[in-house]
Amino acid sequence: MASAITTLAADAPTLSAANTGFMLICSALVMLMTPGLAFFYGGMVRVKSSLNMLMMSFISLGIVTILWVLYGFSLAFGTDSGSIIGWSSDYVGLSGIGITELWDGYTIPVYVFAVFQLMFAVITPALISGALADRVKFSAWALFSALWVTVVYFPVAHWVWGAGGWLFELGVIDFAGGTAVHINAGAAALGVILVIGKRVGFKRDPMRPHSLPLVMLGAGLLWFGWFGFNAGSWLGNDDGVGAVMFVNTQVATAAAMLAWLVYEKLRHGSFTTLGAASGAVAGLVAITPSGGSCSPLGAIAIGAIAGLVCAMAVGLKYKFGYDDSLDVVGVHLVGGVIGSLLVGFFATGGVQSDAAGLFYGGGLEQLGKQAIGVFSVLAYSLVVSAILAFLLDKTIGMRVTEDDEVSGIDQVEHAETAYDFSGAGGGASSRSTASHAPAAAASKKVDA
């Protein structure tokens, strides 16, 4: 008996300073993605909406952080209840966790795992905001974010990643968030925009990005931070899987960017900076669920397919008449679906698990599991998000007035404008833009 106890003690994980440090760095990288997303979205909107777009992402860092500490971590990763939700009283307020207590089966502290997963929870509602540009009250958005993470994100995270979660137990592969983050956010975006309707002037007025350099900056920050998002999701560096994911993240993103640009050149005659940025993000989205199960050659294929299909998908909003302002549905929902389903084709069975896809002799079994994960999360998020938007719209109201939307949501909701145009001209008219009220008029003149 004594020898057995000694053997068990020797096999038990011990705290790894290297893995702990690595995961803290990855957590910081994922945190950087939310400001990066803010720049990416903020550059894509018109001048009069740019601050509001930045704030819709940035506020998530405040709201979701507090809710995660209070109860979100417990709901997502606490002891399973019915394969639907978790709960552990020690995780409420993060108050019952020892500073050296390890996450079960790993060599990193629970605190490190909690803060890493927090950054995923933060960016997911921020992703939704891009579909709602120009027209949503900031207070309503903040309340929606708090309710959405509570009734949608926390449960879905438990389904996909929590021990005992029904999709986790089914064997659905989602390395870093294709279902829990991207399909979840993309479906939610579609649900909300179907409730709140189109922007004033949709399909009639030009709504071009006001700052493509900001878009490129945001895309670069997202690409950089995504290495932490993806490679960190293996929670350590002991067996090389995280390294494969790091390589696949770079490879798929490059392939998707090139595929988008080729499609754009053939379809529209130009290689655009917006296309390069959007293609890169599409590749990042698609490799997120799949990169831990495929080879680098598989990553090239997944990225190229995602870049091509997402480039085609962003035009569907004009065909079907839903106003997805910044292509959250076309990039995140479609890209997440592609990446998650392609696991069923490109999984080699030799990286994160022995589950093999169709192209590696695994048959259709894994594809079937992936499809269940994709469409269950899509349906749940779409329906619940639409219900939340409908209830808020009928109570406090989700949208600003038409006049406020036309004049500029930045001035109305934040009493600020993104750029000071007071030095752009001469005379009294330029000097008058120094005050808040006339600034709205100045913004309106400059805005397309």
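A short tour of the structure in this document, coming up. (Residues numbered from 1 in each chain as written. Predicted model: local features only at pLDDT ≥ 70, side-chain atom pairs only at ≥ 80, totals over all residues. Heavy atoms only, no water.)

## Some words on the overall build of the protein chain
Looking only at helices and strands, the protein chain has 18 helices and 2 strands in total. The C-alpha radius of gyration of the protein chain comes to 22 Å, within 12% of the 22 Å expected for a compact globule of 448 residues. Projected onto its principal axes, the C-alpha coordinates of the protein chain cover approximately 90 × 50 × 40 Å. Expressed as a percentage of the 448 residues in the protein chain, the buried residues total 55%. For the protein chain, long-range pairs separated by at least 24 residues make up 76% of all intrachain contacts whose partners lie at least 6 apart in sequence. Summed over its atoms, the accessible surface of the protein chain is roughly 17,400 Å², and 68% of this surface lies on carbon and sulfur atoms. For the protein chain, the centre of its 19 positive side-chain charges and the centre of its 27 negative side-chain charges are spaced 19 Å apart. (Helix = DSSP H or I, 4+ residues; strand = E, 2+ residues; numbered from the N terminus. Rg over C-alpha atoms; globule rule 2.2 N^0.38 Å. Buried < 20%, exposed > 50% of the residue type's maximum accessible area, 1.4 Å probe, protein only. Contact = heavy atoms within 4.5 Å. Areas by Shrake-Rupley, 256 points an atom, 1.4 Å probe, with all protein chains shown as cover. Lys, Arg positive; Asp, Glu negative; His and termini not counted. Charge placed at Lys NZ, Arg CZ, Asp CG, Glu CD.)

## Here we look at a nonpolar patch on the surface
Taken together, the side chains of Ile305, Leu308, Val309 and Met312 make up a nonpolar region of the molecular surface, amounting to roughly 300 Å² of accessible area. The class for valine 309 is partly exposed, based on a relative accessible area of 33%. (Patch = residues over 30% accessible without salt bridge, like charges linked within 9 Å, V, L, I, M, F, W, Y side chains within 5 Å. Salt bridge = Lys/Arg side-chain N within 4 Å of Asp/Glu carboxyl O.)

## Focus: the pattern of salt bridges
A side chain with one charge may pair with a side chain of the opposite charge, provided their charged atoms come close. Counting across every chain of the model gives 8 salt bridges. Ionic pairing is found between aspartate 134 and arginine 46, a salt bridge with its closest N-O pair at 3.0 Å. Remark: arginine 46 occurs in the loop between helix 2 (17-44) and helix 3 (50-77) and aspartate 134 occurs in the loop between helix 4 (110-129) and helix 5 (138-161); sequence separation between them is 88 residues. Accessibility assignment for this pair places aspartate 134 and arginine 46 in one class, buried. Note that aspartate 205 and arginine 204 form a salt bridge whose closest N and O atoms lie 3.3 Å from each other. With a relative accessible area of 33%, aspartate 205 lands in the partly exposed category.

## Digging into the packing of aromatic side chains
Tallied over the entire structure, the rule returns 26 aromatic pairs. Centroid distance tryptophan 141 to phenylalanine 144: 5.8 Å. Interplanar angle 25°. Geometry classified as stacked. One end of the pair is tryptophan 141 and the other is phenylalanine 144, both in helix 5 and 3 residues apart, which spans about a single turn. Assessed through its relative accessible area of 1%, tryptophan 141 is described here as buried. Of the residues examined, phenylalanine 144 reaches a relative accessible area of 1% and is grouped as buried. Ring centres of tyrosine 153 and phenylalanine 154 lie 6.2 Å apart, and the angle between their planes is 75°; this geometry places the pair in the edge-to-face category. With respect to class, tyrosine 153 is no different from phenylalanine 154; both count as buried. Aromatic rings pair up to connect Trp68, Tyr71, Phe73, Phe77, Tyr91, Trp103, Phe113, Tyr153 and Phe154 into one cluster. (Phe/Tyr/Trp six-rings, centres within 6.5 Å; stacked < 30°, edge-to-face > 60°.)

## Some points on the environment of asparagine 237
Structurally, the position occupied by asparagine 237 is in the loop between helix 8 (212-231) and helix 9 (241-268). Taking the C-alpha atoms as reference, asparagine 237 lies 18 Å from cysteine 294; in sequence the two are 57 residues apart. Apart from the residues within four sequence positions on either side, asparagine 237 is in contact with Asn19 and Phe22.

## A word on the side chain of asparagine 248
Following the sequence through the fold, asparagine 248 ends up in helix 9. At 2.8 Å, the side chain of asparagine 248 and the backbone oxygen of glycine 291 are in polar contact. Among residues more than four places away in sequence, those in contact with asparagine 248 are Ile287, Gly291, Cys294, Ser295, Pro296 and Ala299. (Polar contact = N/O pair within 3.5 Å; in protein donor to acceptor, adjacent residues only side chain to side chain.)

## Quick word on empty space enclosed by the protein
To locate leftover empty space, one rolls a probe as large as a water molecule over the atoms. This model, assessed by the stated rule, comprises 3 cavities of 30 Å³ or more. Each pocket or cavity is described by its volume, and for the largest cavity that value is around 60 Å³. Considering the residues around the largest cavity, the lining is formed by Phe40, Tyr41, Met44, Ser278, Val281, Leu326, Asp327, Val328, Val331 and His332. Residue assignment for the lining of the largest cavity shows that the elements contributing at least two residues are helix 2, helix 10 (273-290) and helix 13 (328-346). A per-class count over the lining of the largest cavity returns 7 nonpolar, 2 polar and 1 charged. (1 Å grid on protein atoms, 1.4 Å probe; cavity = no way out; pocket = protein on both sides within 12 Å on 5 of 7 lines; lining within 4 Å. Points joined across faces, edges and corners; volume = space filled by probe spheres on them. Nonpolar A, V, L, I, M, F, W, Y, C, P; charged D, E, K, R; others polar.)

## With respect to unusual backbone geometry
Despite not being glycine, serine 83 shows a phi value in the positive range, around 65°. Following the sequence through the fold, serine 83 ends up in the loop between strand 1 (79-81) and strand 2 (85-87). Despite not being glycine, leucine 94 shows a phi value in the positive range, around 50°. Relative to the helices and strands, leucine 94 resides in the loop between strand 2 and helix 4. For leucine 94, a relative accessible area of 15% gives the class buried.

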